[in-house]
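Spelled out from the first residue to the last, the chains are:
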Amino acid sequence: MLYATDPIAEAVVPDSADRTAGIGSPIALHGRDGELEILGQLLDRARRGHGGALVIAGDPGLGRTALLEATLGRAGPGFRTLATRGVRQERALPLAGLHRLLGPMSEEIRRLPEPQAAALTPIAGTGDGPAADPFALYGAVGRLLAETSRRGPVLCCADDVQWLDRVSLEALAFTARRVADDPIIMLLSTGTGGRAAAEQDCLADIPRLTLSGVDEAAGLRILEDRTAAALPADLAVELLELACGNPLALVELAAALTREQLSGQAPAPLALPASGRLRAHYRRRYLRLPEGARRLVLMAAADDRLDLDTLARAAARADVDLREFEVAQTAGLVRLEGEAVAAPSRLVRSCLYADASPADRHAVHAVLAAVLDREWDLFRRSWHLAAATREPDGRIADELGAAAAAARRSGDFSDSSRAWERAAALSPTLEARAERCVQAATDAWTAGRPGRARTLLRQAGPFIGTLELRGRADLLRGEIELRDGSPAVAGRILTEAADRLIIADGTLAITALLQAGEAACAMGDRDSYLAVAEHAAALRTAGGPPIIELMRDHLAGMAATLRGRHEEAAVLLERVLRVAEPADDCAAMTRASLAALTLGDGRRAQCLATRALADARARGLVNAVPWSLWVLAQAELLLGRHRAALAVALEGLRLARAAGQAACATDHLATLALLSAFQGDRETATRYLGDISVETSGRGPTRADAIASWARACLELADDRPAEAAGRLRQMTGSGPGHPVVRVLAIPHLVEAAVLSGRPATALRALEVFERWAEGTRSPARSALAYRCRALLAEGDGDGRVEERFSAALRLHRHGGSAFELARTEFLYGHWLRRRRRPRAAREHLRTALWIFQDYDAERWTDRARAELRAAGDTVERTAPSVARGLGELTAQQAQVARLVAEGATNREIAVRLGLSHRTIDHHLRNVFSRLGIRSRVELARLFG
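Treat the numbers as computed from the prediction; the structure is a model and nothing was measured. (Residues numbered from 1 in each chain as written. Predicted model: local features only at pLDDT ≥ 70, side-chain atom pairs only at ≥ 80, totals over all residues. Heavy atoms only, no water.)

S.K.: Even after reading the chapter, I still don't get the packing of aromatic side chains, so can you show me in this structure?
M.R.: Under the defined criterion, the tally for this structure stands at twelve aromatic pairs. Look at Tyr138 and Phe174: their rings are 5.5 Å apart centre to centre, the planes differ by 45°, and that puts the pair in the tilted class. With a gap of 36 residues between them, Tyr138 in helix H8 (residues 134-149) and Phe174 in helix H9 (residues 166-176) connect regions that are remote in the sequence. In this structure Phe174 comes out as buried when scored by relative accessible area, which is 15%. Both rings, one in Phe806 and one in Tyr829, keep their centres 4.6 Å apart while their planes meet at 15°; by these two values the pair is stacked. Placement of Phe806 in helix H44 (residues 799-816) and of Tyr829 in helix H45 (residues 819-835) is noted, with a sequence separation of 23 residues between them. Overall, Tyr829 belongs to the buried group, its relative accessible area being 5%. Here a set of aromatic residues connected by ring pairs shows up, and it is made of Phe820, Phe827, Phe853, Tyr856 and Trp861. Seen from the ring of Phe174, Arg178 lies directly overhead, with NZ or CZ sitting 3.7 Å from the centre. Just above the ring of Trp773 sits the side chain of Arg782; from NZ or CZ to the centre is 3.9 Å. (Phe/Tyr/Trp six-rings, centres within 6.5 Å; stacked < 30°, edge-to-face > 60°. Helix = DSSP H or I, 4+ residues; strand = E, 2+ residues; numbered from the N terminus. Buried < 20%, exposed > 50% of the residue type's maximum accessible area, 1.4 Å probe, protein only. Lys NZ or Arg CZ within 6 Å of the ring centre and 35° of its normal.)

S.K.: Help me out: how do you make sense of the pairing of strand E3 (residues 154-159) in this one?
M.R.: When a strand is regular, its side chains alternate between the sheet's two faces. Counting buried positions over the six residues of E3 gives six, a clear majority of the element. Alternating positions in E3 separate into two faces, Val154, Cys156 and Ala158 on one and Leu155, Cys157 and Asp159 on the other, with burial throughout. The pairing of strand E2 (residues 80-85) with E3 spans six bridges and is parallel. Bridge pairing in E3 places Arg85 opposite Asp159. (Pairing = 2+ DSSP bridges.)

S.K.: Got a minute to help me understand the packing of helix H11 (residues 216-226) against helix H12 (residues 233-243) in this structure?
M.R.: When two helices pack together, their arrangement is given by the angle between the helix axes and by the axis-to-axis distance. At their nearest, the axes of H11 and H12 sit 10 Å apart, and the two run at 115° to each other. Comparing the axis directions of H11 and H12 gives the class roughly perpendicular. The element H11 and its partner H12 pack so that their crossing is right-handed. Of the residues in H12, those touching H11 at Glu216, Gly219, Leu220 and Leu223 are Ala236, Leu239 and Leu240. (Axes fitted to C-alpha atoms, helices over the stretch in contact; angles between N-to-C directions. Parallel < 35°, antiparallel > 145°, perpendicular 65-115°, else oblique. Left-handed = near helix turned anticlockwise from the far one by under 90°. Contact = heavy atoms within 4.5 Å.)

S.K.: Is there a simple way to explain helix H31 (residues 566-580) in this structure?
M.R.: At 3.6 residues per turn, the α-helix brings residues three or four places apart onto the same side. Between its first and last C-alpha, H31 extends 20 Å over 15 residues, near the 21 Å set by a 1.5 Å rise per residue. Along H31, the residues classified as buried are His566, Ala569, Ala570, Leu572, Leu573, Val576, Leu577 and Ala580. The secondary structure elements touched by the buried residues of H31 are helix H30 (546-562), helix H32 (586-598), helix H33 (602-618) and helix H42 (764-777). (Expected span 1.5 Å × (residues − 1).)

S.K.: What should I look at first to understand the confidence of the model for the protein chain in this one?
M.R.: Scored by pLDDT, the protein chain has a mean of 86; 90% of the residues are at 70 or more. Contacts for the low-pLDDT stretch residues 1-24, under 50 throughout, to residues beyond four places or in other chains number 61 contacts. (pLDDT = per-residue confidence, 0-100.)

S.K.: Before we go on, may I ask you to explain the sheet that holds strand E1 (residues 52-57) in this structure?
M.R.: The strands that make up a sheet pair up through hydrogen bonds in the backbone, lying either parallel or antiparallel. Strand order across the open sheet formed by five strands is E2-E3-E4-E1-E5, with parallel pairing between neighbours. At either margin of the open sheet sits one strand with a lone partner, and together these are E2 and strand E5 (208-210). Averaged over all neighbouring strand pairs, the angle between strand axes comes to 15°, with direction disregarded. Across six bridges, the pairing between E1 and strand E4 (residues 184-190) is parallel. Across the sheet, Ile56 pairs through a bridge with Ser189, a residue of E4. The strands that helix H2 (residues 33-47) touches are E1, E3, E4 and E5; relative to E1, the one it contacts most, it runs at about 160°.

Dropping the structure here:
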C-alpha cells in the first residue's frame, strides 16, 4: 500500500481487503462519481495512445488519496504504474520524491542514452549527488517515462506533492506539461492551504480538479455506513453541517457518537473528536504558529463575522503585531476576503476553537467584547460578553436576550437563535431557561434549521412548567412535523397544542387548529378537517382581532367546500380575501391565496401568493418561503402559465430541501410531475414520480400520492390509452379513500377518459360533483371544464347540443385565462368534428390547438394534434402565434381591456367604462396585441369570440 504511513490518509484509504485489490475506500468515494469519471476518461485516453495530466487539489479528508488509489486499481494489468508521495521529513532532501517514484526503474534508467542515464544516476543508485543541470534532469525523467510508455501506457501518481522536495516537484511538473503525445497519465495530488499554496506556481498550467465536500446524499450514506444504530434525522443534519461534506470528518464524527446522542437524549457534537486524525492535523498546524498568530487565528474562530478593522483593534488591545496575520494566512488557518476575516470553513473553525484552552477562549471573547463598542455592534458585543462568562448570570442573559429580540426584529433569525440558546445556558432559573430554549427553537425553525429546532425543543422539554409554554412548544413541533415529517403525527400534536393554548392565547390556539387543518388536508382526511373546523367554531368569541376571524372563516369555508356547500363556502372565503388583501402578513396572504384557489380565482391567488412570498423574503422567514412558493405554483398552474409554474416549483423544491422541509419538497415534486404529465412528457414525469415514491415512503397517504396518481392518468391520456386512465381515475374519484380535493380536480380527466374508452356513463355522477363546485364558485375556468365534459357526454343529444356546449366551453376558457385547457378543448372539439365528417370545421380548431401545444412545448400533444390534422386533410404546417404565452401573461387590466375590445367597444367607450384615460387604453391595447402575437381588433375578437 502506497500511503499507509500518512496518518490523515489512513482513515480514508481502503481496509486490508481493499488494499489487496488496489481500489479506493468506498467511504471516501461516496459522491465522487463525477471525479471518477474524469479519471476514467484519462485512463481511456492513455489506452488510445495519448497522455494527460491532472492536479487533484483538496483539503485533508476529502478523498484525494482514495481517488489516486481507485485510479491505480482501475488501470488494469496493461498499465505500468508508478507512485510516490511527499513526506514532510524528506522535503529538504533533493531527489527524495523522484527516488520513491523511479527507484524501481534502475534497469530502465541504465538502458537510456548516456546523457539521460547520467542525469538519473543518483536515483538509480549508481552515482552521487543531484544532477548538476536541472533541465537535463527534467528532460531525463520525461525521456524515461516516454521510453517506458512504448511498451504500454504509464500511470504515474504522486500524492501530497506539497511535501515533495523542490527538485522532484519541479521535475514532475515539467514532465506533466509535456505528456500529451505519449500514453502517459500523471496525477498529482496537493492540499489547498499552507505550504500547498506556496507551491502553486510550480503546478501552473496543469489542469486542476479541486475537490469540494460531498453532497448531502453521499454524506448520509457515509454516516449510515459507520453507525450501527439508526441515525436520527436531526442528528444527521447537525453532523452534515458540522462536517462541511468532508468524508473523513463524517467517519470520525460517526465513530465518536455516544449512545445518548444516537437516541436523541444528548445534543450533537460541536467539534470533531479530540483524538481524531483530522482535528489533530489542524491542531498541529495551529501549534506550529507563533503565539501572536495563534491569538489572531483564535479571534477568527471565535467570531464568524470578524472584519479586518475589528481584528486590528483587537490585536492592538491584546498587544499582538498584526503582521502575524500573514503567518496565519500562509498556514491556511485564516483567510481574508475583502474586509472579512474567517477560518477556511466551519469544520476548521470548530476544531481550532475546541482545541484552545478555556482561558484562551475567554480571553479572546473578552478582548472582542471590549473593542465592539459601536452601536451597530451591540449583538456581537453581547454575544462575546456571554461567551466570556463561565457561570449563570441573569444580567448578561437578559442583555443577550434583548440582543436576540433585536436580531429577530431585523430578520436575522440565525443570530437570534444562537443568542437565545446562549442566553438559556446563562439563565439562573429553570423557567427562564425553558422559555429561551423555546425562543431559540422558534428562530432556528424560522431560519430554515428544523434539526436544530427539534434539538432545542428536546432540551427545553424537562424545564417547561406551564401549559402556555408547553402549548407553544407543541405548536412549533407540530409545524415542523407538518413540513418535514408525517402529517398524521403533526395533526395530533397541533390539536393538543390548541387545547393547551385556548386559555392563554386564543390567536395561537386558532393558529394551531389552522395548521392541524393543513395536516388533515395534506393527508386527504376529510373527517379530520371537519372535526378541526368544528373545534375552531366552538372557540368563537366576540370582539376578536381580524386575524382570528380570518383563520376561523378560512377553516369554516374550506369545511363547507368539503361538505359540498359551495355557496356558503364562497361567502366565507370571500370574507377571508377581504380581510387579507389589505394585510401585510405572509401567513394571512398565503391562506387567502388558498381561499382564492378554492374559489377558482387564479389571478387573485397569484397576486396574494406573490405578495406573501415577497413578504417572507423581506422579513427573512426562510421557513415560510417553500410553502409560499407551492401556493404560487398552484396559482400559476390554474392560470395555465406552465412555464412560470415550472420555474416556481423548481425553486420551491430546491429551497424546501435546503430548509429541511421534506414534506413540502414532496408537494413540489408532485406539482412538477403533474406539470410534466399535463404536457405528455413521460420521461420527466416518471423521474419525478419515482422521487415521490421514495420521499413519501412510510408517511401514510398524502396529497402528493394522490397527485401522483392523477399525473399517471394524464400520461395515459396523452399516450392515447384512455381505458387505463379511466380505470386509474375511477379509483381516485370513487367513494373510497382518497384525497377529496384532488379527487374533484381530476374529474374532467375522468370524463374525457371514460368517453374516449366507450364508457361515458361511469363518469356522470362524478361530473355532477364537479359541476356543483364550478357553479358554486362561479369560476370561468372550472365552468369551461364542466361545459367541455357535458359536450363530451352529449353524444346522444344531437350535434347542435354538442356544439353549443363546446362553444360555451371555449368562450369561458378565454375568460378564464388558461390557454393550455383552451387548447385541450379545441383539440377535443376538432376530434369530434372530424369524426362527424366535418373536416373543414375540425381543421380550424385543431390548428389552434396545435399552435398552443407548440407554444407550451407539449410534444406529445403536438404530435397528436398533427395526426388529427392530417386525418382531417390538412398537410400544411403553419407557424404558431404566441397565443398561449400571451393569454397567460396578460395583466388583469389588460385582460379586461382585451375582453371589452373583443365585444366591440371603442377605446373611448372603454376609457369611460374603466375610468381611465384614452391614452392608457391605447397603451394597454398595444401591449395586448404584442403579447398575443396579433395585429388587429378582428383577430382579438376571434380569440375571445
